[in-house]
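Examining the three-dimensional arrangement
Chain by chain, the residues:
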Amino acid sequence: MRVLVLGGAGFIGLHLSRRLLADGHQVTIVDNFSRGKDDPELAALSAPVLHADLTDPAAYRELPAGWDQVYLLAAVVGVRNVERDPARVIRTNTLSLLHLLDWLEPGTRLFFASTSEVYAGGVSAGVVAVPTPETVPLMVRDVTAPRFAYAVSKLCGEAAVVHTARAKGIPYVIGRFHNVYGPRMGADHVIPELSLRAIGGEDPFPVYGSEQMRAFCHVDDAVEAMVRLMGTGAAAGEIVHIGNDTETTIADLAELVLRLAGHRPRLDPLPAPPGSVARRCPDLAKLRALTGYEPKVELAEGVRRTFQWYAEHAERV
């Protein structure tokens, strides 16, 4: 099977590409390297890597055609990136998808990477239950807040995929990721951030939003869910939550990371960043029913693997 992975030099993209290659597929990676890395792990993949700006429609015209599957993972993500330049987030994430939808041939199976942030405003407003199924109303509480630019871009993306794909005859799956983590995900997310600060011996050790609750999904499990969804005919035309439904507090997560580091600093609990949802956990009933998926990597093991990677690669993160 011929597979195109847009954003394949990024975090989830590289792990997905590695899995697809191991399964015997022909994989081509496209990235602009604004966030994806041209590093030894990418070089180790036996796949062609193309440099392209997907916000430019000409970039698509220069790509080969005839794909069986296309994964769109390319996006500007990360709270710091979003708050620093929300206009870039909306422009990049929206244009990349719209040009892709114009370019895709009917019958090409598409995976669009969305996010739990599309309904986070509803959780904060108390109108969305946790654990959260796919059927809840989507809500952005404050469209003027820079943080929500990412959610807005993915809300627009979901609508664009659904309606354009229906019109063009493109079978699609929209996967809403929930706190996916693992090696090589940069430094702007909670598990690598905690790991790098613990490795550096920070003391006192701030813990932001220590009472907030999350359900963290190791990237290997997220990739397994993606591959299963794209290989399941019943998943075509569906929006599906991808994650793990075992919850933990940020305080307990910090304690786990500090134990791995052998570091016992004075903890300094601080408020969560503005706009951060107090609790996030997906209802995975739909994913299980469609694919038989069960998350396999327990948090302690996944964080151990991730911490070890950051301990070994801290100088180039």
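Conventions adopted
- Residues numbered from 1 in each chain as written.
- Predicted model: local features only at pLDDT ≥ 70, side-chain atom pairs only at ≥ 80, totals over all residues.
- Heavy atoms only, no water.
- Helix = DSSP H or I, 4+ residues; strand = E, 2+ residues; numbered from the N terminus.
- Rg over C-alpha atoms; globule rule 2.2 N^0.38 Å.
- Areas by Shrake-Rupley, 256 points an atom, 1.4 Å probe, with all protein chains shown as cover.
- Lys, Arg positive; Asp, Glu negative; His and termini not counted.
- Charge placed at Lys NZ, Arg CZ, Asp CG, Glu CD.
- 1 Å grid on protein atoms, 1.4 Å probe; cavity = no way out; pocket = protein on both sides within 12 Å on 5 of 7 lines; lining within 4 Å.
- Points joined across faces, edges and corners; volume = space filled by probe spheres on them.
- Core = buried A, V, L, I, M, F, W, Y, C linked by side-chain atoms within 4.5 Å.
- Buried < 20%, exposed > 50% of the residue type's maximum accessible area, 1.4 Å probe, protein only.
- Salt bridge = Lys/Arg side-chain N within 4 Å of Asp/Glu carboxyl O.
- Contact = heavy atoms within 4.5 Å.
- Patch = residues over 30% accessible without salt bridge, like charges linked within 9 Å, V, L, I, M, F, W, Y side chains within 5 Å.

Structural notes on the overall build of the protein chain
- Regarding its fold elements, the protein chain presents twelve helices and 14 strands.
- For the protein chain, whose C-alpha radius of gyration is 19 Å, the value lies close to the compact-globule estimate of 20 Å for 317 residues.
- Each principal axis of the C-alpha distribution contributes one length, and for the protein chain these read about 55 × 45 × 40 Å.
- Surface accessibility of the protein chain: about 13000 Å² in total, with carbon and sulfur atoms responsible for 53%.
- Positive and negative side-chain charges of the protein chain, numbering 32 and 37 respectively, have mean locations separated by a distance of 2 Å.

Points about empty space enclosed by the protein
- Taken as a whole and judged by the stated rule, the model has two cavities of 30 Å³ or more.
- There is about 40 Å³ of room inside the largest cavity.
- Residue lining of the largest cavity: L72, L73, A74, A75, N93, F112, A113, S153 and K154, and that is the complete set.
- Mapped by element, the contributors of at least two residues to the lining of the largest cavity are strand 5 (109-115) and helix 7 (149-168).
- Quantified by volume, the second largest cavity comes out at close to 30 Å³.
- Every residue lining the second largest cavity is listed: K37, R184, M185, G186, W309, R316 and V317.

Focus on the nonpolar core
- Ranked by internal contacts, the top residues of the largest apolar core, which has 55 residues, are L16, Y71, L73, F111, F177 and M226.
- With eight residues, the single largest contributor to this core is helix 9 (residues 219-230).
- Of all hydrophobic cores here, the second largest spans 25 residues; its members include L54, A165, Y172 and I174.

What about the pattern of salt bridges?
- A full pass over the atoms with the stated rule returns 18 salt bridges.
- One salt bridge connects D188 with R80, and the closest N-O pair in it is separated by 3.1 Å. Of this pair, D188 sits in the loop between strand 7 (180-181) and helix 8 (190-199) while R80 sits in helix 4 (residues 79-84), and the two are 108 residues apart along the sequence.
- Judged by relative accessible area, R80 falls into the partly exposed class, the value being 37%.
- With a closest N to O distance of 2.6 Å, E294 and R288 form a salt bridge.
- Note on R288: relative accessible area 26%, which makes it partly exposed.
- Residues joined in a network through salt bridges with shared partners are R19, D23, E224 and R228.

Notes on the side chain of S17
- Turning to its location among the elements, S17 is positioned in helix 1 (residues 11-22).
- With relative accessibility at 0%, the residue S17 sits in the buried group.
- Setting aside chain neighbours within four positions, we find S17 in contact with V5, G8, V27, I29 and L45.

As for a positive patch on the surface
- Taken together, R35, K37, R84 and R88 make up a surface patch of like positive charges.
- Relative to the helices and strands, R84 is located in helix 4.
- For R84, a relative accessible area of 60% corresponds to the exposed category.

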